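Per-entry structural report
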Amino acid sequence: MAVVVRSGQGWVLDARSLIDQGYSRCIQWRNGEKSHVKCCFKRQCFQISKSYYGVNVGAAVDGGNTEMLQNINKPSKKRKRKHSELNQGEIDSQVFHDKIRSVILEGTESLVDSARSQGYLTGATDAVTEPLPLQECSLAALCEMAKELPLVDDEEQEERVQPLVAEDGCTSHVDLFSRVTENRADWATVVTLMGEEYVIPPHTAFLLSDFTQIQPLAHYGIKFDLIVMDPPWENKSVKRSRRYSSLPSSQLKRLPIPLLASTNCLVVTWVTNRPSHLRFVRDELYPHWGIEVLAEWFWVKVTTSGQFVFPLDSPHKKPYEVLVLGRYRSSADTTTSSSEASEVPVEDGRLIVSVPSALHSQKPSLSAHSALQSDLITVIKTFSPDAGKTRVPCQTQDEALQRRPSHPFFIPLL
């Protein structure tokens, strides 16, 4: 039941079930021995049972504190400002919110009502008392390490691609930083990399690298029909928490999207609720890459009872995030007329409604198991000159990492 509801307004997703579908069958390698296991995501990560106000969610999760699921009203320590003191960014945010408010409110109410009629979003939660695992994952540290490594010249790098697991089950040979690593198995694979266990989805590939070291992916030899990006946007909350390093918007232009995208590739970018970031993607970033903006969709975060996780009109945190959908069209390609290109079967303002993960910034997967991606595939096939061979890979860096959570968040079921 990964996709609970599908309508013209959008979808209701059971995000945890959506993740589990990709890991229902796993191969585990330990000391060269192969065994079959089943993995499922820990349920408490998706038990957001009540709206929360003023609680530091990141700190609560990092400490394994389940109090983050409670409705906590704390007095604000900040001096309240008068409306006249709003800065231009805050004014722009309010204008954008007022523009989409009815779409979010009415669409969510309709989708949630449909989900409740099927017994979902009724407030029922599992009685799991185990605290959330600590988010101790060395991926970020490894990416920082990758920045310091010298680039490998094409002439020196005979093999640009490597298998995740050797025939003898060994993974010690894997060079995570300068080669694309492929899991060619039909099952998800549990492996130990750099001293930690990870679950890698079947038929996927990934490159563990800082974006400035993305040359191996550009030379991978595959053009993608779908690219999903989740940039580390600059914002005050992340800066205060120091949870991860942010990236100046202008640096995103350095990503070689034209080298990675097939003709008419669908490009999806997650954007925070900061109008300047949204304007940058629509007016600068996408045009820089030759991408035509198609639509804006919204991920609406609700509790297990279908309520917004934050008040819809909260001036500080909104219960939704934006996805900007665009289509890459090579300037050298003239096979599609301008009139045909304008007939894009993508509706604007569609909603993806789901209970969010308690893990910071974990987005709902746009996986092949989802009816949501079925609609994306329809878009791709409509414009792809080779529709019969359409690829919708999860080999993009974001999607591979998104669907490859650190093993402590999974429960192996032998």
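Per chain, residue numbering runs from 1 following the sequence as it is written. Local features in a predicted model are, by the rule used here, given only for residues with pLDDT of at least 70; side-chain atom pairs are given and counted only at 80 or more, and totals for whole chains, interfaces and linings are based on all residues. Only hydrogens and water are set aside; all other atoms, that is, all heavy atoms of the structure, feed into the side-chain values.

The name that an unreviewed UniProt entry assigns to the protein is N(6)-adenine-specific methyltransferase METTL4 isoform X3, with the source organism given as Lates calcarifer.

With that settled, the discussion passes to helix α8 (residues 275-289). Strands here are runs of E lasting at least two residues and helices are runs of H or I lasting at least four, both read from the DSSP assignment and numbered beginning at the N terminus. In this scheme, a helix's expected span is set at 1.5 Å multiplied by one less than its residue total. Helix length check: α8 (15 residues) gives 20 Å between terminal C-alpha atoms against 21 Å at 1.5 Å per residue, within 8%. To get the bend at a given residue, fit one axis to the seven residues ending there, fit another to the seven starting there, and take the angle between those axes. Approximately 40° is the largest bend angle found in α8, and it occurs at Val281. Burial classes follow relative accessibility: with a 1.4 Å probe on protein chains only, a residue under 20% of its type's maximum area counts as buried, one over 50% as exposed, and anything between as partly exposed. Every buried residue of α8 is listed here: Pro275, His277, Leu278, Phe280, Val281, Leu285, Tyr286 and Trp289. Note on definitions: a residue-residue contact is assigned when non-hydrogen atoms from the two residues lie within 4.5 Å. Of the surrounding secondary structure, the elements contacted by the buried residues of α8 are α3 (88-116), β10 (224-229), α7 (257-260), β11 (261-271), β12 (291-301) and β13 (320-328).

Let us now look at the sheet that holds strand β6 (residues 180-183). For two strands to be treated as a pair, DSSP must find no fewer than two bridges joining them. Reading across from one edge, β5-β6-β9 is the order of the three strands in this open sheet, with mixed pairing throughout. Looking at strand neighbours, the two that pair on one side only are β5 (161-163) and β9 (204-206), the edges of this open sheet. When strand polarity is set aside, the average angle formed by the axes of neighbouring strands in this sheet is 30°. Taken together, the three bridges between β6 and β9 define a ladder with antiparallel strand orientation. Along β9, the bridge assignment pairs Thr181 with Phe206. In this description, a line fitted to the C-alpha atoms serves as the axis of each element, helices being fitted only across the stretch in contact, and the angle between N-to-C directions of two axes falls anywhere from 0 to 180 degrees.

What follows is about the packing of α3 against α8. Packing of α3 against α8 leaves a shortest axis separation of 9 Å and a crossing angle of 70°. The angle between the axes of α3 and α8 places the two elements in the roughly perpendicular class. Each of Gly89, Asp92, Ser93 and Phe96 in α3 lies in contact with α8, whose residues at this interface are Pro275, Leu278 and Arg279. Only Asp, Glu, Lys and Arg are considered charged, only Ala, Val, Leu, Ile, Met, Phe, Trp, Tyr, Cys and Pro nonpolar, and every remaining residue, Gly among them, polar. Partitioning the contact of α3 with α8 into residue classes produces three nonpolar, two polar and two charged. Should an angle fall under 35 degrees it is taken as roughly parallel, and over 145 as roughly antiparallel, whereas 65 to 115 is taken as roughly perpendicular and any remaining angle as oblique.

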